[in-house]
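Structure at a glance
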Amino acid sequence: MDIVNRVARSGIVVYDLEKLWDGSPVRVLDIAPFLDQGLLVREKLFRKRAGEFDWAQFEGAHVAVHCSTDALIPSWAWMLVISRLTAAKSVELGSAEDVVRSWFAQALAKEEWFRFRGRIVVVKGCGAAIVPDSAYAGAMTRLMPVARKVMYGEPCSNIPIWRQHAD
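In this report, we go over the structure that sits alongside the text. (Residues numbered from 1 in each chain as written. Predicted model: local features only at pLDDT ≥ 70, side-chain atom pairs only at ≥ 80, totals over all residues. Heavy atoms only, no water.)

**Regarding the sheet that holds strand E7 (residues 157–163)**
Paired through their backbone hydrogen bonds, the strands of a sheet run either parallel or antiparallel. Reading across the sheet, the four strands line up as E1-E5-E6-E7 and stay open at both edges, with mixed pairing between neighbours. Strands with a single pairing partner mark the edges of an open sheet, and in this sheet they are strand E1 (13–15) and E7. Here the strands of the sheet are splayed against their neighbours by 30° on average, with no regard to which way each runs. Here E1 runs beside strand E5 (residues 120–124); their pairing, made up of three bridges, is parallel. (Pairing = 2+ DSSP bridges. Helix = DSSP H or I, 4+ residues; strand = E, 2+ residues; numbered from the N terminus. Axes fitted to C-alpha atoms, helices over the stretch in contact; angles between N-to-C directions.)

**Thoughts on the packing of helix H2 (residues 43–52) against helix H3 (residues 75–83)**
Following both chains from N to C, one finds H2 and H3 inclined at 15°, their axes separated by 11 Å at the closest point. By the angle between their directions, the pair H2 and H3 is classed as roughly parallel. The crossing of H2 and H3 is right-handed. Residue-level inspection shows Glu43, Phe46, Arg47 and Ala50 of H2 in contact with H3, the latter providing Trp76, Ala77, Leu80 and Val81. (Parallel < 35°, antiparallel > 145°, perpendicular 65-115°, else oblique. Left-handed = near helix turned anticlockwise from the far one by under 90°. Contact = heavy atoms within 4.5 Å.)

**Re the pattern of salt bridges**
Applying the stated criterion across every chain, the model contains seven salt bridges. Note that aspartate 22 and lysine 89 form a salt bridge whose closest N and O atoms lie 3.6 Å from each other. In this pair, aspartate 22 sits in the loop between E1 and strand E2 (26–30) while lysine 89 sits in the loop between H3 and strand E4 (90–93), placing the two residues 67 residues apart along the sequence. Here aspartate 22 falls in the partly exposed class, since its relative accessible area comes to 30%. (Salt bridge = Lys/Arg side-chain N within 4 Å of Asp/Glu carboxyl O. Buried < 20%, exposed > 50% of the residue type's maximum accessible area, 1.4 Å probe, protein only.)

What is shown is where atoms sit, not what they do.
Set out below in C-alpha cells:
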C-alpha cells in the first residue's frame with residue numbers, strides 16, 4: 001500500500017511570513033549621549049559627538065533610533081543622525097519593535113497577492129518569533145480579497161480563520 005501525502009495533494013498554499021525577514025540584526029541607537037547632560041540639544045556639541053561616534057557598528061543592520069530621555073529633539077537632529085546611518089539596512093525612529101513592524105509592512109506591500117487568487121492559504125505560525133502580530137493582520141487583510149480560504153498554523157494542523165462566501 002502506497003503512502004499518500006494528502007496535504008501535498010490538497011492544493012493548500014503555505015504562506016510563511018518569517019521568510020519575508022532578511023535575517024539582519026536589529027540594533028538600537030540612543031541619541032541621549034549626543035546631548036548636553038543628556039537633555040539639551042546644542043548644535044555644536046551634538047555635531048561634535050555625532051562626528052566622533054562609531055557608526056560602523058550599524059552597518060547592515062536595521063536600526064531603531066530613539067532618545068531615552070525626555071529631551072525635545074528638533075527635526076534637524078533626527079535628520080543628522082539618520083544621514084550618518086547610510087550603511088544600515090533600514091532606519092526608523094522608535095523602538096526595535098517599530099523597525100520590525102515597518103520592515104514587515106513594507107514587505108507585505110511589495111507582495112504579489114494575486115498569486116493566492118482562489119487558493120486555500122495557510123499562514124504559517126508557531127515559532128516565528130520575529131514576525132509581529134501586525135504582519136499577520138496585514139497578511140489577512142490582503143488575503144481576504146483574493147483567497148478562497150485562510151487558515152493559521154501548518155497544513156497538517158491548522159485553525160480555520162476565514163472562508164469566502166459563495167454567492
